[in-house]
Amino acid sequence: MAKRENQRVTVTKKMLKDSLISLLAERSIYKISVRELCDRAGVNRTTFYKYYDNQFALLTAIEEDVISLVREALSGGSGDYLSSLTALCRYLDDNIVMVRLLLNNNIDDCFPEKIFGLPQVREAFENVIGRRAVTEAQKAYLFSFMTYGGYQMVRMWANKEKRESPEELSRLIVACVPGSTGLF
């Protein structure tokens, strides 16, 4: 059984995460030092290094938190690709400030796969593609196309001030799935 963190550790990590998020609103992760991060959080560097190797590891921890929350948001879905994507886009829209910071400061090349590769999204994609006679290699190419293409569509959408609704964005992404009865 996993050991729960004590409240002091949880609060310290939250302060560090909040500090990084506020600094990311001002500048790139590459221009943020551990020292200023700790100053902003009111935490000494020894404490920081107890939990994280550097500011990039802290950013990764924030990404993991978001992925966990997205996973929870998708957990009640009906299993079809459109419903799963709509739930994902609603979550992103509800947390747009954090999402923009993560999408625009992301240093993890696999982040799109982590989001679009969540079991609920992957299963829904498999259901759509599974209806078509494709090889496993073709399925892998199509999934990669949808993952990175969908991620870029989400990124573009998130950075717009006047965005389409999460439902409309979801329909646009699904319309790009080969074999779907999409808009195009």
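See the structure printed just above.
The rules behind these values
- Residues numbered from 1 in each chain as written.
- Predicted model: local features only at pLDDT ≥ 70, side-chain atom pairs only at ≥ 80, totals over all residues.
- Heavy atoms only, no water.
- Salt bridge = Lys/Arg side-chain N within 4 Å of Asp/Glu carboxyl O.
- Helix = DSSP H or I, 4+ residues; strand = E, 2+ residues; numbered from the N terminus.
- Buried < 20%, exposed > 50% of the residue type's maximum accessible area, 1.4 Å probe, protein only.
- Contact = heavy atoms within 4.5 Å.

A. Representation of the pattern of salt bridges in the model. The tally for this structure, following the rule as stated, stands at ten salt bridges. In this structure, Glu167 engages Arg90 in a salt bridge whose closest nitrogen and oxygen atoms are separated by 2.9 Å. Pair noted here: Glu167 is in helix α10 (residues 166-175) and Arg90 is in helix α5 (residues 81-94), with a separation of 77 residues, a long-range link. Overall, the relative accessible area of 41% leaves Arg90 in the partly exposed class. Its salt-bridge partner being Arg100, residue Glu161 comes within 3.6 Å of it at the nearest N-O pair. Taken together, the residues Glu161 in the loop between α9 (136-158) and α10 and Arg100 in helix α6 (residues 96-104) connect sequence positions 61 residues apart.

B. Quick look at the side chain of Thr86. Here Thr86 lies in helix α5. On the basis of relative accessibility, which here comes to 8%, the residue Thr86 falls in the buried class. Excluding residues that lie within four positions of it along the chain, Thr86 makes contacts with Pro166, Glu167 and Ser170.

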